[in-house]
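Observations on the model geometry
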Amino acid sequence: MPQFSIHRGRLQAVIYQAVRARLGESRIHTGHRLGHFREDEGGVSAYFFDRHGSHRTTARGDVLVGADGIHSLVRETLYPSEGPARWNGAMLWRGAVDWASFLTGRSMVIAGGMAAKLVVYPIAEGTRPDRRLTNWAVVARISDGSTPPPNKEDWSRMGRFEELMPHVQRFRIPYVNAQALIEATPEFWEYPMCDRDPLPRWSHGRVTLLGDAAHPMYPVGSNGASQAILDARCLADRLRSAEHVVHALWMYEQERLPMTAQIVRMNRKGGPEGVIDAVEARAPDGFTSIDDVLSFEERQAIVRGYASTAGFAREQVNKAA
Ligand SMILES: Cc1cc2nc3c(=O)[nH]c(=O)nc-3n(C[C@H](O)[C@H](O)[C@H](O)COP(=O)(O)OP(=O)(O)OC[C@H]3O[C@@H](n4cnc5c(N)ncnc54)[C@H](O)[C@@H]3O)c2cc1C
């Protein structure tokens, strides 16, 4: 499964530059919060407000695409009784720091098991040729999942070493000193592992959902944003070719909803990282040869099965290119 890793801020800058070049600076409006919208026969009116609740502008368009994340107002308007996101009781801490390159300098380490996992990989060049901007993430179960997720306001808050480090001590990997790496990270953030059940429909007339608003999923298998990008590609293609925008939104949903619903469910079982859980389940006390625990074919089936559902398999990537 080929993987391209990029810092989130840099990816957003790439997208911003492309939008600016193609649509022009005047089409980008920051600081506008969608408050509500109204659809009629000829289009959709969207009402935007500032952070203090004052009306800023009303925009009119042929369609409204709700790409407003896991706490989507557009989704809540379409499904008012859905309620908050579901939390599985795991917390995810993530940070990035300039660190000594390991293995090939492009390698990714995924370690741990069902109770906690550690992921380490480079996302950019470092301050010297032998260093990389190194991304790390630790996922650990801190609750049995029966409690509601932390308040929306407490999401993406800065992480605290005293809460994280007890989970890090279990990791001993030969290539990277995980404890030192994390301790050297000046600031990092925490995120509850949340998703939502797949919806029966995204498109309602001239209004549809995209990305996390449509299919919030656990961020395993380097996935989530990748699916939002695939959604956008598909939606743009359908809008270009369909005779009517309502039909375009319907075709987009037909193509993308079943696939992403399956990924939401696969990510609940660990996605491609489930290969580690399968090994741990069969050999909780360790092993000498992994092939005695889970054959190469079984390991490949887990990872390849996920890759092809997610649209990441090499053949699919080559075809799209
Ligand atoms: C710790 C962590 C690690 C992850 N790692 C990966 C990874 O390696 N690979 C990957 O592909 N994905 C990853 N993801 C998932 C990825 O972050 C999301 O899937 C992705 O950000 C979804 O993009 P989006 O544009 O749909 O939503 P968001 O990125 O949530 O963007 C929604 C935007 O809408 C805005 N908004 C919200 N409400 C309104 C409103 N009413 N009016 C106007 N604007 C509004 C928000 O301010 C925000 O800017 C990870 C997620 C987490 C938490």
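These numbers were taken from a predicted model, which means no experiment stands behind them.

So, about the domain arrangement of the protein chain. Domains assigned within the protein chain are domain 1 (31–82 + 196–268), domain 2 (86–194) and domain 3 (271–320). The C-alpha centroid of domain 3 is placed 32 Å from the C-alpha centroid of domain 1. Contact with domain 1, which involves twelve residues of that partner, is made by nine residues of domain 3. For the pair domain 1 and domain 3, the summed buried surface comes to about 790 Å²; carbon and sulfur atoms form 58% of the total. The largest contributions to the domain 1 side of the interface with domain 3 come from G221, M259 and M266, which together make up 52% of the buried area. Seen at the junction of domain 1 and domain 3, the total is zero salt bridges. Inspection of the region where domain 1 meets domain 3 yields five residue pairs in polar contact (both at pLDDT 80 or more). Breaking the side of domain 1 that touches domain 3 down by element, the ones donating at least two residues are α5 (225–241) and α6 (245–268).

Turning our eyes to something else, we now look at empty space enclosed by the protein. Counting across every chain of the model gives one cavity of 30 Å³ or more. Here the largest cavity defines a volume of roughly 30 Å³. Lining the largest cavity are P198, L199, W202, A214, H215, L257, T260 and A261. Grouping the amino acids of the lining of the largest cavity by side-chain chemistry returns six nonpolar, two polar and no charged.

Further remarks concern the packing of aromatic side chains. Per the stated rule, a full pass over the model turns up three aromatic pairs. Each ring, one from W136 and one from F188, has its centre 5.4 Å from the other, and the planes form 55°; the classification is tilted. Of the two residues, W136 sits in strand β8 (residues 131–141) while F188 sits in the loop between α4 (178–183) and β10 (189–195), which places them 52 residues apart along the sequence. Between the aromatic rings of F161 and F188, the centroid separation amounts to 4.9 Å while the plane-to-plane angle is 65°, which identifies the pairing as edge-to-face. On the criterion of sequence distance, the pair formed by F161 in helix α3 (residues 161–168) and F188 in the loop between α4 and β10 is long-range, its members being 27 residues apart. A connected cluster of aromatic rings, assembled from ring pairs, spans W136, F161 and F188.

For the rest of this paragraph, the subject is the sheet that holds β10. Strands belonging to one sheet form pairs held by backbone hydrogen bonds; the direction of such a pair is parallel or antiparallel. On the basis of which strands lie adjacent, the open sheet formed by six strands has the order β6-β7-β8-β5-β10-β9 and antiparallel pairing. With partners counted over all chains shown, the strands left at the sheet margins are β6 (109–112) and β9 (157–158), one partner each.

Located in the positive-phi region is L103, a residue other than glycine, with phi close to 50°. Within the secondary structure, L103 sits in the loop between β5 (86–100) and β6. A positive phi angle is found at S222, which is not glycine, with a value near 50°. Mapped onto the secondary structure, S222 falls in the loop between β11 (207–209) and α5. The exposure class of S222 is partly exposed, given its relative accessible area of 33%.

This next bit is on helix α7 (residues 274–282). Along α7, the residues classified as buried are G274, V275, I276, D277 and V279. Tucked inside the fold, the buried residues of α7 contact β6, β7 (116–125), α8 (290–293) and α9 (296–310).

Here the focus is the sheet that holds strand β2 (residues 43–49). Spatially, β1-β2-β3 is the arrangement adopted by the three strands of the open sheet, whose pairing is antiparallel. Because the sheet does not close on itself, it has two edges, and the strands there are β1 (33–40) and β3 (55–61). Taken over all neighbouring pairs, the strand axes of this sheet differ in orientation by 20° on average, direction set aside. Both β1 and β2 contribute to a ladder of seven bridges, which runs antiparallel. Each bridged residue has a counterpart across the sheet, and for E39 the counterpart in β2 is V44.

In this section: the nonpolar core. Core analysis: the largest hydrophobic core is formed by 28 residues, its most contacted members being W93, W136, V138 and L164. Setting aside residues no more than four positions away along its own chain, W93 makes contact with W136, A137, V138, A140, I142, G159, E163, L164, H167, F188, W189 and E190. If you look at the next biggest cluster of nonpolar residues, it comprises 20 residues, including V44, L209, C234 and L257.

Interhelical geometry of α5 versus α6 gives an angle of 155° and a closest axis separation of 8 Å. Relative to α6, the element α5 is oriented roughly antiparallel. The hand of the α5/α6 crossing is right-handed. Each of Q227, L230, D231, C234, L235, R238 and L239 in α5 lies in contact with α6, whose residues at this interface are V245, A248, L249, M251, Y252, E255, R256, T260 and I263. Here the residues of the contact of α5 with α6 sort into ten nonpolar, two polar and four charged.

Cut-offs used in this document
Residues numbered from 1 in each chain as written. Predicted model: local features only at pLDDT ≥ 70, side-chain atom pairs only at ≥ 80, totals over all residues. Heavy atoms only, no water. Domains from an automatic or database assignment. Contact = heavy atoms within 4.5 Å. Buried area = accessible area lost by both parts, 1.4 Å probe. Salt bridge = Lys/Arg side-chain N within 4 Å of Asp/Glu carboxyl O. Polar contact = N/O pair within 3.5 Å; in protein donor to acceptor, adjacent residues only side chain to side chain. Helix = DSSP H or I, 4+ residues; strand = E, 2+ residues; numbered from the N terminus. 1 Å grid on protein atoms, 1.4 Å probe; cavity = no way out; pocket = protein on both sides within 12 Å on 5 of 7 lines; lining within 4 Å. Points joined across faces, edges and corners; volume = space filled by probe spheres on them. Nonpolar A, V, L, I, M, F, W, Y, C, P; charged D, E, K, R; others polar. Phe/Tyr/Trp six-rings, centres within 6.5 Å; stacked < 30°, edge-to-face > 60°. Pairing = 2+ DSSP bridges. Buried < 20%, exposed > 50% of the residue type's maximum accessible area, 1.4 Å probe, protein only. Axes fitted to C-alpha atoms, helices over the stretch in contact; angles between N-to-C directions. Core = buried A, V, L, I, M, F, W, Y, C linked by side-chain atoms within 4.5 Å. Parallel < 35°, antiparallel > 145°, perpendicular 65-115°, else oblique. Left-handed = near helix turned anticlockwise from the far one by under 90°.

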